[in-house]
Amino acid sequence: MDVPRDIDAVLKRLLSSQVEIAEQPSMLAPEDEAYLSSLIAAIRAGRRAVLIVEDADERLRYMFSNASRAEAISMLGKVVEATGRRLSDGDE
């Protein structure tokens, strides 16, 4: 694992980006905000996660939390499979 040379600069950058995000108005409905908060709580509690965000320029940002790359790929496969089942059953 690579360790940054200046950990203080990394921490300052992380904190400043969190302040910028917190100041932006949310585009999520209140129930989506609550669901997202529950997912973040599960990640903080040690559950495995794959987080994918598409930026405005269509670039993907992603993070594997508490999971290896192989576990992340397996989780994505489960999502695709479950979604396919719901669609074939007529659920949306």
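Structure: see above.
Source: prediction; values computed, not measured.

The next thing to look at is the pattern of salt bridges. Pairing between side chains of opposite charge can happen when their charged atoms approach one another. Tallying each qualifying case throughout the model produces three salt bridges. Arginine 85 is the partner of glutamate 81 in a salt bridge, and the nearest nitrogen-oxygen pair spans 2.5 Å. A residue pair is termed a helical-turn pair when its members lie 3 or 4 positions apart in one helix, as glutamate 81 and arginine 85 do in helix α3 (residues 69–88) at four residues. By relative accessible area, arginine 85 is classed as partly exposed at 46%.

Our next topic: the pairing of strand β1 (residues 49–54). Note: β1 against strand β2 (residues 60–65), six bridges, orientation antiparallel. Paired with valine 53 across the bridge in β2 is arginine 61. Linking two consecutive strands that pair antiparallel, namely β1 and β2, is a turn of five residues; a positive phi of about 65° is found at glutamate 58 within it.

Counting across every chain of the model gives one aromatic pair. Between the aromatic rings of tyrosine 62 and phenylalanine 64, the centroid separation amounts to 5.7 Å while the plane-to-plane angle is 35°, which identifies the pairing as tilted. Tyrosine 62 gets classed as exposed once you look at its relative accessible area, which sits at 59%.

Its identity is not glycine, yet glutamate 58 carries a phi of approximately 65°, on the positive side. Along the chain, glutamate 58 turns up in the loop between β1 and β2. Judged by its relative accessible area of 63%, glutamate 58 is exposed. With phi around 60°, asparagine 66 is a residue other than glycine that occupies positive phi space. Tracing the sequence through the fold places asparagine 66 in the loop between β2 and α3. Classification of asparagine 66 as partly exposed rests on a relative accessible area of 43%.

What counts and how
Residues numbered from 1 in each chain as written. Predicted model: local features only at pLDDT ≥ 70, side-chain atom pairs only at ≥ 80, totals over all residues. Heavy atoms only, no water. Salt bridge = Lys/Arg side-chain N within 4 Å of Asp/Glu carboxyl O. Helix = DSSP H or I, 4+ residues; strand = E, 2+ residues; numbered from the N terminus. Buried < 20%, exposed > 50% of the residue type's maximum accessible area, 1.4 Å probe, protein only. Pairing = 2+ DSSP bridges. Phe/Tyr/Trp six-rings, centres within 6.5 Å; stacked < 30°, edge-to-face > 60°.

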